[in-house]
Amino acid sequence: MKKLLTMLLTIAMLAALAVPAMAEEPVSIEMWTLFTGDDGTTMQAIVDAYNASQDRVTLTHVAVDRENLYTKLALAMSDEAALPEVFVTYSYDVPNFVGLGYIQPVEDLLAAYPDFDFAIDKYHDACATLNYYDGTRYCVSLDFPTWGMYVNTALAEQYCPEVLEDNSVTWDEIMAVGASLQEQGVEDVSVMAGSWDRNDLLNSYLDLAGTYASEDGTTLELNKDAVVEALNTWKTAFDAGYLWEEGEDPMSMFALEECIFVTGGTWNMNAINEYGFDFTFIAPPQFSADDTPTLFGASHAFMLPTRSYTEDESYAVASFMHYFYEHSIDWAQAGSIVASKATAESEEYQAMPQAFVAENYSISNPNFTYSQILFDVLDGLDWEAVYGRMTPEEYADAWQTQAQERINAQ
Amino acid sequence: MKAKLAAHRPLRPYARWIPLAFLAPHLLVFCCFNIFPILTGIFASLTKWTLGEMPQWVGLANYANLLTNPESIYYWQLRWGLLNTVKFVVFCVPFRILVPLAFALVLSSKCRGHKVLQACYYLPSLLSLSVVMVSWLYMFDSNAGIVNTLLGLGKFRWTTTEPYNWIALIFITVWWGCGGNLIIYQSAIAGVSQEILEATSVDGANAFQRCIHITLPSIKFPLQYTIITSVIAEFGIWGQPDMFNGGGPTLEVVNGVNHQSNKMLMQYIAESGFGSSGVNAGVASSMALILGLIIFAVSMLQFRAMRRGND
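Asks: Describe in detail helix α17 (residues 353-360) of chain A, supporting the description with residues and values.
Replies: All names here are of chain A. Restricting attention to buried positions, one finds in α17 the residues Gln-354, Ala-355 and Val-357. Considered in projection along α17, the buried side chains sweep an arc of 160° and stay on one side of the axis. As for α17, its buried residues are in contact with α12 (269-273), β11 (279-282), β12 (294-296), α14 (328-332) and α16 (347-350).

Asks: Can you lay out the domain arrangement of chain A for me, pointing to particular residues and giving the numbers?
Replies: Residue and element names in this part refer to chain A. Assigned domains of chain A: these are domain 1 (24-145 + 298-363) and domain 2 (147-296 + 370-408). Relative to domain 2, the C-alpha centre of domain 1 lies at a distance of 29 Å. With 23 residues of domain 1 at the contact, the number on the domain 2 side is 22 residues. Approximately 1800 Å² of surface area, both sides summed, lies buried where domain 1 meets domain 2, with 55% of it carried by carbon and sulfur atoms. It is Arg-66, Tyr-92 and Tyr-361 in domain 1 that bury the most area against domain 2; as a group they hold 29% of the surface buried on that side. Taken together, the links from domain 1 to domain 2 amount to two salt bridges. With its nearest N and O atoms 3.3 Å apart, the salt bridge here joins Arg-66 to Asp-376. Among the elements that line the side of domain 1 that touches domain 2, the one with the most residues is α17, at five residues. Taken together, the residues of the side of domain 1 that touches domain 2 sort by class into twelve nonpolar, seven polar and four charged.

Asks: Please provide a residue-by-residue account of the pairing of strand β10 (residues 259-265) of chain A, values included.
Replies: Sheet faces and side chains relate simply in a regular strand, where the side chains alternate between the two faces. All names here are of chain A. Among the seven residues of β10, seven are classified as buried, and the element is accordingly described as predominantly covered. As paired elements, strand β8 (residues 147-152) and β10 share five bridges and run antiparallel to each other. Following the sheet pairing, Gly-148 is matched in β10 by Gly-264.

So, how was this worked out
Residues numbered from 1 in each chain as written. Chains lettered and ligands numbered in written order. Predicted model: local features only at pLDDT ≥ 70, side-chain atom pairs only at ≥ 80, totals over all residues. Heavy atoms only, no water. Buried < 20%, exposed > 50% of the residue type's maximum accessible area, 1.4 Å probe, protein only. Helix = DSSP H or I, 4+ residues; strand = E, 2+ residues; numbered from the N terminus. Arc of directions from axis to C-beta. Contact = heavy atoms within 4.5 Å. Domains from an automatic or database assignment. Buried area = accessible area lost by both parts, 1.4 Å probe. Salt bridge = Lys/Arg side-chain N within 4 Å of Asp/Glu carboxyl O. Nonpolar A, V, L, I, M, F, W, Y, C, P; charged D, E, K, R; others polar. Pairing = 2+ DSSP bridges.

Here it is, written out as structure tokens:
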């Protein structure tokens, strides 16, 4: 009897020791994103909630500013161990990253987890083109950070109620409101402030020219006339005193109710919510009232770096992308136009300002391998043509020349 | 006798390696973090390299482009970046020397409250560049900045008005970097012979004469050292203009390149070598090497001039 008890006790102890060994190993994965502002806080909250919902997966979110993210990626490419399991950047980087060998298709990973169902028709229609390159799916969109214009509702009702009747503002209307304010002797309110030269000018340019690249997306084809016209329009309004003054901070002007409109991105919505007055989000000034307003936008997307994955790592990545899809409403709180159709159709989302934008305007995001180079050159040129330190023609030439030489160096 | 014998005792074969063993840790670090990066930089300057791909050997093409091809944006970036950097060094370094020197002389008089003053002068050196620049950006703000308010300048734009953008930049740099040189001068002045100073006082020399004829010659070596280190440091100027006005207003446009008033060579190097797009590490390394050679040449000239002055 004693012998039997000893044997049973031994078996029980061995079994107790074996159970943890047989349990599934914990999995840790890392995700790099370019969300360093308010959106980074929102993403971290989503990641925390995801981690809390998982038994064995831990996702670490590393937010890196855009420029450093690219450098970090480039340097990590030489050492697989330094690469994250997944990263988030703009979908327009896909052609360049594929060319450089930085990313791999997502199709195998998505197909391995049919329960999560990453079918493209579950995503915003734009994803059918933005997530693919040469017929292969390379990324999974989160949202569409889009450039638009915030309207101080009270000021708009006071100074230009008729302008917003069609939820679209043209440049002619901007000029008319400006002239009207000056006639009325209103000095403490400007019509509009442009908060980011790059996106403001791109939006105006794309409204006029439609694209800046060849059809196959490999060659820069800037329309110089459109650049000059866009710049001249901004300059005319600036010189007339309808916009901000050089040195003024556009977002501060809007916060202090010193301008009716301020251009901004969907990602500014959290901050603007804090200003404490009613606002709406519409398209930036358009050149024609006839067309559907165009907004310059892009898509943040999950991408997989070129590296090997264990089965657990693949599962963890797919599981988070699925979780994000299911919980995109949390992401929408930060102002994002979400890629998840399920979220976009929800009542809660429909009540948000960006839902109107997503449904009523077209989002322009030309397919061009070197979009980022073009944007960076614009960032460097600032508002110099509007402030009169370069002519619009010089500005157009500088944009073309500097972008082209940088492209040639790639 | 014993000592003499010991001195002539033949060395064991491994003895000659003993000093090297002591030096090895330092040499290893020096090779890893100095020699290797320098050699990599030289190699990179001879390649076309986007960081993400293997570098392609292009020989001296980057240098030829930078030095002889006015059609290239990099030619103008090198030229204007270098011009602005030299301008900054020429105008900033004298203040980086004279201002802390003046403070050190005042503090050496042990005037009332000199300890508090010393702390005030040194404090900015402890701050990080971003803290310094954000603070001064608010103070130089054209709308609500305290500088415009105090000077009654209305909405004067310090960041884009020539030459006031330079004045503001140099002022911030001197304010920030004053503490390091101040400490060196203070300790050097403290070592000046009090007997000589007292003797010259007795002979009728006033404070100014004592300063010119006794104190300054006595601290000649620390002065020379700080001049050289300040010149080297200011050639590397990057953060201040980058955060103050992103390189400043455009002065002219040539061949599609805009010449910005305060854009320094280091900014162009960083833009070309890193960033989110259009990385051209080969050209960036070439520009960096040219800047390095210029700093080396200037430092050598300074050493030579000083050696001649000391002879």
